[in-house]
Amino acid sequence: MLRITRRDFLKYCSVAAGALGLSASTLMKVENALAKDVTNGGVPVIWISGAACTGCTMSLANTRFYTTVDDLLLNRIDLRYLDTLMSTAGAYVDGSVYEGANSLTEAKFWYDSGLPYVLAVEGAIQAAPPPGGTGAGDYCRIGDLTGTGDETMLGITRAFASKALAVLAIGTCSSFGGIPNGRGSATNAKGLLCQGTSQTKGALTDASIAANVLTGVPAGAVAWALDPTKTVPVVNISGCPPHPDWIVGTIANILDTLPPVSTLLSLSTAELAAAMAAALPSATSYNRPSDYGYREYQCNAGPCPWRYNNTTGRKYNNSGATDNSATLAEPDWNRRYPVGNSRALGKNKWTGTDLGCLGILGCKGRKTKADCSKRRWNTDVAEEYGVNWCVGSRGNCQGCTEPTFPDKVGKFYTFI
Amino acid sequence: MATITIDPVNRIEGHLKVVVQTDTAGIITDAACTGNLFRGFELIMNRRDPRDAPVITQRI
């Protein structure tokens, strides 16, 4: 397969466009047309970011296991709007659109068109009205649609989600509120479906949020426009940031399974629902895809290499019973976390000579459902697991995939 | 004479809006940048274990 970077691809485009005498806007149309051909008319992805640190985009950019980011963006998915990665910005002159390509107006084109698209959301959605601002959601403005105003993340998210085929909440911030929703924040940051563990206070599910500026979005909970009786199918890919495999695996899986746009438009409501059900991943707690961790605690998923290393304190054998015999058998990799008394396991003390469980030092792995201990991070070879992970390097698991991150998962360096 | 607005500025981390005013000769007479996001990390870090500070701040 020809491997080119996105930068090279755009250089080829600009050389070709220059030779053809095309302007910048037409250049972007060339880029878009090529991308569309390559992805065979697949469902486009619109990615908007709110109260974010862009870590989720960076994690996406570091994907290696399934595919690299250039292959993903050029060959696999049709990412139409992501302001961190897209090549040019739109511009407005004297209040009217001068350069609409790759601006928020292009994203809104999909919303207005009635064509199916997948919405990816990064960063929390802040619903509080700032003092001296223009109303709810004004803590985060993400773009300009008219050349004179600012669109809030709250308004744009609720609007775009109401007509999306599916919504992917990338990261803990857009799944649960995350760090912007930490105790003490003044901005009422919400995830799409959930705020913390509450599933009725999300940006899409909170009935107390008033109607949006963009027309056609009802007040309160948002309905899936193609079938008003259903709520928006939201997949929460939580993590701070989520592992690139979780993001890419879920996105590519959904978009590879969905039929092309032309087919989708010809489906009846029931057939469309069936196509979506086939494309969306099976979900575990809080709508998180069960294929990518989120099912087992970190201690079990890998399993964590340190849990059997205590030479002092209690040891547990494969059936979960206390076993202080001299050597333990190689752990049964599929077994579940020992029932009962996880506090005791986390409290195993360790001496200077053995590398034991870090729970006593604040590792929240036994409260965190993720598969970092299995998949690890920073893989540099395709289709191989990563080099290391937080706890493997003797750091603490911070519990960043949990809905209660960073508050109830607790102080990071204290055993809780 | 013309007001040029770029919103959002792309290829950056975060949200930024740039407004530029030019006169008839194309000379820029006024320019403003707006940072379009407030999360309040100082408020969030208040009353926490101080060892949590770098862990939370790294997400800025």
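Structure: see above.
Residues numbered from 1 in each chain as written. Chains lettered and ligands numbered in written order. Predicted model: local features only at pLDDT ≥ 70, side-chain atom pairs only at ≥ 80, totals over all residues. Heavy atoms only, no water.

(A) Seen up close, the overall build of chain B. Along chain B, the regular secondary structure elements total two helices and three strands. Moving toward the C terminus, one meets the helices and strands of chain B in the order β-β-β-α-α. Taking 60 residues into account, the globule formula puts the C-alpha radius of gyration at 10 Å, and chain B, at 18 Å, lies well above it. Dimensions of chain B along its principal axes, counting C-alpha atoms only, are 55 × 20 × 10 Å. Taking all 60 residues of chain B together, the buried fraction comes to 40%. Long-range pairs, those at least 24 residues apart, make up 3% of the contacts in chain B with a sequence separation of at least 6. (Helix = DSSP H or I, 4+ residues; strand = E, 2+ residues; numbered from the N terminus. Rg over C-alpha atoms; globule rule 2.2 N^0.38 Å. Buried < 20%, exposed > 50% of the residue type's maximum accessible area, 1.4 Å probe, protein only. Contact = heavy atoms within 4.5 Å.)

(B) Molecular detail of the pattern of salt bridges. All names here are of chain A. As enumerated under the stated definition, the model contains eight salt bridges over all chains in all. Two residues, Asp112 and Lys108, come together in a salt bridge whose shortest N-O distance is 3.0 Å. Taken together, the residues span about one helical turn, with Asp112 and Lys108 both in helix α5 (residues 104-113) at a distance of four residues. Overall, the relative accessible area of 18% leaves Lys108 in the buried class. Here the salt bridges share partners, and the residues they tie into one network are Asp245, Asp371 and Arg375. (Salt bridge = Lys/Arg side-chain N within 4 Å of Asp/Glu carboxyl O.)

(C) A look at the interface of chain A and chain B. Across the contact, 47 residues belong to chain A and 32 residues belong to chain B. Both faces combined, the contact of chain A with chain B buries some 3300 Å², and carbon together with sulfur accounts for 49% of it. For the pair chain A and chain B, the number of links is one salt bridge. Of the charged contacts, one joins Asp407 of chain A and Arg48 of chain B as a salt bridge, the two residues approaching to 2.6 Å between their closest N and O atoms. Scanning the region where chain A abuts chain B turns up 17 residue pairs in polar contact (both at pLDDT 80 or more). Residue composition of the side of chain A that touches chain B, by class: 22 nonpolar, 16 polar and nine charged. Note: strand β3 (residues 91-93) of chain A against strand β1 (residues 2-6) of chain B, two bridges, orientation antiparallel. Residue pairing in the sheet places Tyr92 of chain A in a bridge with Thr5 of chain B of β1 of chain B. (Buried area = accessible area lost by both parts, 1.4 Å probe. Polar contact = N/O pair within 3.5 Å; in protein donor to acceptor, adjacent residues only side chain to side chain. Nonpolar A, V, L, I, M, F, W, Y, C, P; charged D, E, K, R; others polar. Pairing = 2+ DSSP bridges.)

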